Amino acid sequence: MAHRSDARERALSGGTASGVRGPIRASWSRARRHGLAPDAYLPPVRLDDDELARHREEHALTGIWPLLRRSLGGLIEDPGRLLFLSDARGHLLWVQGDHTSLRSAERVHLLPGALWSEDAAGTSGVGTALATGRPFQVFGAEHFLSAATAYTCTATPIHDPISGDLLGILDFTCPERHWQPLAIPLLDTARRLAQSELETVRLREEMRVRTRYVERIARRLGTRSAIVDAGGRVVRADPPGWLPNRLPTPVGEGPMLLPGGRLVLVERLAAGGLFLLIAEDGATGPVTAAPMRLEALGLRRARLYVAGATHELTRRHAEIVTTLLSEPGGMTAKAITDAVYGPAGRPATVRAELARLRAILGHRLASDPYRLTGDCEADFLDLDHALSNRDTTADALLDRYRGPLLPGSTAPRVLELRARLHERLRNRVVETADADTAMRWASTAAG
């Protein structure tokens, strides 16, 4: 409306902000303190395709977004109307609308990966709902950025129903002239539906995890254990009562110091944030895990030894573990994709495989970048190290060599590692000029 445009012009030019709602004046003031300029500026697009896919995959609302889309589908049937879901920092993760509306919105960076927090975009539905912690509407010229003044935004926060933590912002955006007076109650209904579904999913997941891990916990004789969520709530403790109902700090993977000085080891059980917490009775030092070991030479189904269990890996999982072992500094999903699938691979496929691998590896599979933690061993690494030791005899090297690395694999990194080991081993055998050793090498499939 004209009076909002005039008030905005006066206020953002240094004049008084009379006729402007108090919360909008306060938001404009915060935007100016962040050093934002209303003209010739667009919010930054902080997440590239790879990072966006990872954020979506790991976000607690990933499974809830389809429900929100269905429940609010009627609200965005007409052209120009958009539905957004952001994370708790203001990154837009999902955007729904017709093709023309999406293309138009992209011109002002209303697109997945863009950051619409107040410190990055000033007054907006997403940013100001984040700043105030409550549902908020921003009409046309009330937006701080000139590029957004053609829109009216209605936004509401979605919180974790158990911990109360902010998960993200649900936002309905439409052209200013198409403002919907029912937008706030409709979004609030969708918010309550989402939080109810989150609670249902959480309870279902907790029951699944309890069932899945009760035998694993029981096998750990001489230990105290618990299943804990990311906010520190104790879902199950064995024996009962050895922990308080809630731990005072958020839970993360790896060694953790509890109140009272007890050291425990924390392993992730599920992507939703459930963890297995293990404390060794009588332990006086940090809880340590036995080295993880991969055996992959001459084996079509590689064997992985971790946490006292033996796993026969699928070919893809073996290729990913082998690749990560060859890069102890860590790799991005894109780098793993290139190493395992080649240029035609998709990072989303690798992330799905990594999520499945996490059920085996637990806290040993870290992210940002993806890497294996703790002590890691592998027969192909042992052979590689032995080849670097000039005192190791060719016979001793052949004792370590059961056959080619992951025979049958065509993953680019595996082919590279296999060829390198083969060439180095062949050269050492040739160097010995020993007929018996040469015959022994010639009798192998690689020889």
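Residues numbered from 1 in each chain as written. Predicted model: local features only at pLDDT ≥ 70, side-chain atom pairs only at ≥ 80, totals over all residues. Heavy atoms only, no water.

*Asks:* An account of the pairing of strand E4 (residues 151-159) is needed here, citing residue identities and associated values.
*Replies:* The buried fraction of E4 amounts to eight of the nine residues, a majority that puts the element mostly inside the structure. Pairing of strand E3 (residues 136-138) with E4, which is carried by three bridges, proceeds in the antiparallel orientation. Bridged to glutamine 137 within E4 is threonine 154. In the sheet, E4 pairs with strand E5 (residues 166-175) via nine bridges, with the strands oriented antiparallel. Note on E5: the bridge partner recorded for alanine 155 is aspartate 171. Counting the residues in the hairpin turn of E4 and E5 gives six residues, including glycine 164, whose phi is positive at 80°. (Buried < 20%, exposed > 50% of the residue type's maximum accessible area, 1.4 Å probe, protein only. Helix = DSSP H or I, 4+ residues; strand = E, 2+ residues; numbered from the N terminus. Pairing = 2+ DSSP bridges.)

*Asks:* Which residues make up empty space enclosed by the protein, and what are the values?
*Replies:* In the structure shown here, the tally under the stated rule is three cavities of 30 Å³ or more. In this structure, the largest cavity encloses a volume near 80 Å³. Every residue lining the largest cavity is counted, 13 residues in all, and those nearest its centre are Leu110, Trp116, Ser124, Cys153 and Thr173. Looking at the lining of the largest cavity, the elements that each hand over two or more residues are helix H7 (125-132), E4 and E5. In the lining of the largest cavity, the residues fall into eight nonpolar, four polar and one charged. (1 Å grid on protein atoms, 1.4 Å probe; cavity = no way out; pocket = protein on both sides within 12 Å on 5 of 7 lines; lining within 4 Å. Points joined across faces, edges and corners; volume = space filled by probe spheres on them. Nonpolar A, V, L, I, M, F, W, Y, C, P; charged D, E, K, R; others polar.)

*Asks:* How would you sum up the sheet that holds strand E12 (residues 303-306)? Please name residues and give values.
*Replies:* Read from one edge to the other, the open sheet built from four strands follows the order E13-E12-E11-E16, with strand pairing classed as mixed. Of all the strands in the sheet, just strand E13 (309-312) and strand E16 (376-378) have a single pairing partner and so form its edges. On average, each strand axis in the sheet is tilted by 15° relative to the strand beside it, whichever way the strands run. In this structure, E12 lies alongside E13, joined through four bridges in antiparallel fashion. Its bridge partner lying in E13, tyrosine 305 is registered against threonine 310. (Axes fitted to C-alpha atoms, helices over the stretch in contact; angles between N-to-C directions.)

*Asks:* Explain the nonpolar core residue by residue, including any values.
*Replies:* Counting residues in each nonpolar core, the largest one holds 43 residues, and the members touching the most others are Leu294, Leu324, Leu325, Ile336 and Phe380. Those elements that provide at least two residues to this core are strand E11 (292-295), E12, helix H9 (315-326), helix H10 (333-340), helix H11 (347-361), helix H12 (379-388), helix H13 (394-400) and helix H14 (412-432). Discounting residues that sit within four places of it in the chain, isoleucine 336 has contacts with Ile320, Leu324, Met331, Tyr341, Val350, Leu354 and Tyr370. (Core = buried A, V, L, I, M, F, W, Y, C linked by side-chain atoms within 4.5 Å. Contact = heavy atoms within 4.5 Å.)

*Asks:* How would you explain unusual backbone geometry if you had to name every residue and give the values?
*Replies:* With omega at -5°, the peptide bond leading from aspartate 238 into proline 239 counts as cis. With respect to the element layout, proline 239 can be found in the loop between strand E7 (234-238) and strand E8 (254-257). Non-glycine residue histidine 109 carries a positive phi angle of around 65°. Histidine 109 gets classed as partly exposed once you look at its relative accessible area, which sits at 23%. The phi angle at leucine 406 is positive, at roughly 45°, despite the residue not being glycine. Considering the arrangement of structural elements, one finds leucine 406 in the loop between H13 and H14. With a relative accessible area of 4%, leucine 406 lands in the buried category.

*Asks:* Can you tell me about the packing of aromatic side chains, naming the residues and giving the values?
*Replies:* Counted under the stated rule, the structure contains one aromatic pair. Measuring from centroid to centroid gives 6.0 Å for tryptophan 65 and tryptophan 94, while their planes differ by 20°, and the two rings are stacked. A residue pair is termed long-range when its members are at least 10 positions apart, and tryptophan 65 in helix H4 (residues 65-71) and tryptophan 94 in strand E2 (residues 92-96) qualify at 29 residues. Classification of tryptophan 65 as buried rests on a relative accessible area of 4%. Assessed through its relative accessible area of 10%, tryptophan 94 is described here as buried. (Phe/Tyr/Trp six-rings, centres within 6.5 Å; stacked < 30°, edge-to-face > 60°.)

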